[in-house]
Amino acid sequence: MTITANSQLPNIYSQNRSSINHPTDYLLPTLGAELVYTQDESGRYLAFYWQHSEVLGLNPEHIVDEFNDQSTFVPVDKVAYLERLHRILTHLVPEKLQCWFSYGQELFELELIITPIMPQLGKAATTVLVMGRLLQAKVNRTTIDVITKTPTQIELTVRSQRHQKLVNRITKNIRRNLDLDVIWQQTVDSLGKVLRLERCIICSHQPCSSKIQVKAEYHQHQSKFMLNQDIDIADEPAFAHALTTLEPVVMESPEYTLCPKQKVLVVATSYQDQANGLVALTVPEECYPLTESEIELAKEVADQLGTAIAHATLYKELESARQKAEDASRLKSEFLANVSHEIRTPLNGMIGFLKLILEGMADDPEEQNQFLQEAHHLSIHLLNIINDILDIAKIEAGKMELDCSPVQLAELFSDVDNFMRPQAQMRNLSFQMQLPTTSDEIIVQGNYQRLLQVMLNLVGNAIKFTQEGGITISADIVLKKIKFQGQPFPGMVRVRVADTGIGVSLDKQDKLFQLFSQVDGSRTRQYGGTGLGLAISQKLVEAMGGEVHFYSLGEGLGSTVTFTVPLYQQPVIVSASDNDFLNSLC
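Basis of the calculations
Every residue gets a number counted from 1 within its own chain, in the order that chain's sequence is written. Residue-level local features of this predicted model are given only where pLDDT is at least 70; pairs of side-chain atoms are given and counted only at 80 or more, and the full residue set underlies all totals for whole chains, interfaces and linings. To get the side-chain values, take all heavy atoms of the structure and skip hydrogens and water. Helix numbering and strand numbering both begin at the N terminus, where a helix is a DSSP run of H or I of at least 4 residues and a strand a DSSP run of E of at least 2. Buried means the residue's accessible area, taken with a 1.4 Å probe over protein chains only, is under 20% of the maximum for its type, while exposed means over 50%, and partly exposed covers the values in between. Residues count as neighbours in contact if any of their non-hydrogen atoms are within 4.5 Å of one another. Only the protein chains shown count as cover for residues, and all accessible areas are computed by the Shrake-Rupley method using a 1.4 Å probe. One requirement defines pairing of two strands: DSSP has to find at least two bridges between them. For helices, the fitted line uses only the C-alpha atoms of the stretch in contact; every axis is such a line through C-alpha atoms, and the angle between N-to-C directions lies from 0 to 180 degrees. Orientation is classified from the angle alone, with under 35 degrees giving roughly parallel, over 145 giving roughly antiparallel, 65 to 115 giving roughly perpendicular, and any other angle giving oblique. Working rule for handedness: look at the near helix, and if it is turned counterclockwise from the far one by less than a right angle, call the crossing left-handed; if clockwise, right-handed. Following the grouping adopted for this structure description, the nonpolar residues are Ala, Val, Leu, Ile, Met, Phe, Trp, Tyr, Cys and Pro, the charged ones are Asp, Glu, Lys and Arg, and the polar ones are all others, Gly among them. Between the rings of Phe, Tyr and Trp (Trp by its six-membered ring), a pair exists once the centres lie within 6.5 Å; its type follows the angle of the planes, with under 30 degrees stacked, over 60 edge-to-face, and the other angles tilted.

(A) Spatial organisation of the overall build of the chain. From N to C terminus, the chain includes 15 helices and 21 strands. Counting all 586 residues of the chain, 45% fall into the buried class. For the chain, long-range pairs separated by at least 24 residues make up 63% of all intrachain contacts whose partners lie at least 6 apart in sequence. As displayed, the chain has an accessible area near 31400 Å², and 52% of this comes from carbon and sulfur atoms.

Shown next, in the form of structure tokens:
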């Protein structure tokens, strides 16, 4: 029987809604069936009548008004029922079926005939008339897993076709993209929408990690978010089993992960038999369990996704390596340009002064001596540049070897003062050096020449980049026992070089210790230099068991560089009161 739009039934929809919902509605009983109801394409009840309503404890008004409530009268296999509903509305062909419905804690097996209500010409059908009868009832809701029926071949074929189309769609999307975030989200969206899932998540997995992280999720609006949440594998045996065996697992969903009291299908994604992710999706409540072919399809999706994850990860790593190689090539090109300039400048000066002497251009011996001193000064500068280049070459080749021995900190500070104070005074900068007050010498463990090189580099930079103000070099003792190369030390000495110079912006400070890199060529090029000083200093200090750190609040706010070196023996530190007493005696 097919109902047309011109029949008497559509008059129901023009009546007041409360009269439609009443179980004694005079139109539905007149159709002569035990159970009669109408629904729209979403499965929402428009009218409902069942002659056994009072006996079975059903409230027709509640059923019509509260379709989304858990206690309403709904098919157990919602997905299959709605698919059949859509098929009937599309093809306008009535169908007969048997299926289970639930209401509260009760289950009902019904025999139904679903008939489309024919639309007006040129319009799509949107409602159906359903008539049926009760075959049997079950009271205990927990018997839902027992009340399974063998699906018909048609039902199996329809489900198989639907799932295969879904796999094809996911595979097509995966192959068109190398962005992992897009792949993950497209996959969960496809699974969730087509299968009408409560929730579906995809997690990334690293073999060495005990946790997985939710990278993408699809969920209904009432579900809590899980995106970026970490899940401990040890708390989920099913997850651990799926990752270990690479076989699908059906589990009861814990309350804090997916949807409580629902079954969850867990499938590991893998590449070359190595798990690299996990897909977990809620299994809709059905009258019969997943078939073997559907499990195989789930594995096929997981395999495709695992391969896509591996390829996208490899592409990302290659892209990152390519970018790093390009950056390194660019930095080395800039470095070579800077170094060629730095070498050519003192070399040209040396040649010029020597040529003046050879051509007899000096007016007197005193001027000739001045030319020789300038040429000597430039030669020392050139030697320092060449030494820096040789040092960085040794560091990159892993051939930098240091012989460490006790070094007197006062002697080191004295040599730095002799070398650098005249340069600071020439630029009208204040120059201060401060050592902790102790009753005996402060001795550190290191290589004297390399420590001197580090301090000259740091202080030289401070002077070079400071236009006004001054430089302060200080040291303090950190009494914390350490071990370096198997040898215990009582603490560290922290040396601090602070200046009032041009400073460095916060977003560019990470470039300071990169080889061949100057923080901002547009600002620092005028000061000269190869850009190797800090990088070499860091490597030398680390080779002696210390660390180098840089601090600056921003451009124009000065800079502070600190480095540490092991304390060879613990000195006796003089307190402020003791120091005042000693001064009074003097």
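Right, picking up where we left off after that structure.
(B) Structural view of the sheet that holds strand 5 (residues 106–116). Spatially, the six strands line up as an open sheet ordered 2-1-6-5-4-3, and their pairing is antiparallel. Both outer strands of the open sheet, strand 2 (45–50) and strand 3 (74–75), are each paired with one neighbouring strand and no more. Two strands pair when backbone bridges link them, and strand 5 and strand 6 (residues 127–138) are joined in this way by ten bridges, in the antiparallel orientation. Bridging across to strand 6, L107 finds its partner in K138. In this fold helix 5 (residues 78–91) packs onto strand 1 (35–40), strand 3, strand 4 (95–103), strand 5 and strand 6, with an angle of close to 145 degrees to the strand it touches most, strand 4.

(C) Focus on the packing of helix 11 (residues 409–426) against helix 12 (residues 448–464). Running from amino to carboxyl end, helix 11 crosses helix 12 at an angle of 30 degrees, the nearest separation of the two axes being 10 Å. The angle between helix 11 and helix 12 places the two elements in the roughly parallel class. Regarding helix 11 and helix 12, the two cross each other, and that crossing is right-handed. Of the residues in helix 12, those in contact with E411, L412, F413, D415, V416, F419, M420, Q423 and A424 of helix 11 are Y448, L451, L452, M455, L456, V459, G460 and I463. Among the residues forming the contact of helix 11 with helix 12, the class breakdown is 13 nonpolar, two polar and two charged.

(D) Spatial organisation of the environment of V76. Along the chain, V76 turns up in the loop between strand 3 and helix 5. Its relative accessible area of 4% is what places V76 among the buried residues. Residues V76 and W100 lie 24 residues apart in sequence; the distance between their C-alpha atoms is 5.7 Å.

(E) A look at the packing of aromatic side chains. Applying the stated criterion to the full structure yields ten aromatic pairs. Plain terms: the ring middles of W50 and F108 are 5.6 Å apart, the flat faces sit at 75 degrees to each other, and that makes the pair edge-to-face. Placement of W50 in strand 2 and of F108 in strand 5 is noted, with a sequence separation of 58 residues between them. For W50, a relative accessible area of 1% translates into the label buried. On the basis of relative accessible area, F108 is assigned to the buried category, the value being 0%. Here F353 and F371 contribute two aromatic rings whose centre-to-centre distance is 5.7 Å and whose plane-to-plane angle is 35 degrees, an arrangement assigned as tilted. Taken together, the positions of F353 in helix 9 (residues 292–358) and F371 in helix 10 (residues 365–397) put the pair 18 residues apart, joining distant regions of the chain. On the basis of relative accessible area, F371 is assigned to the buried category, the value being 11%. Of the aromatic side chains, those joined through ring pairs into one cluster are Y37, Y45, F48, W50, F73, Y81, F101 and F108.

What is shown is where atoms sit, not what they do.
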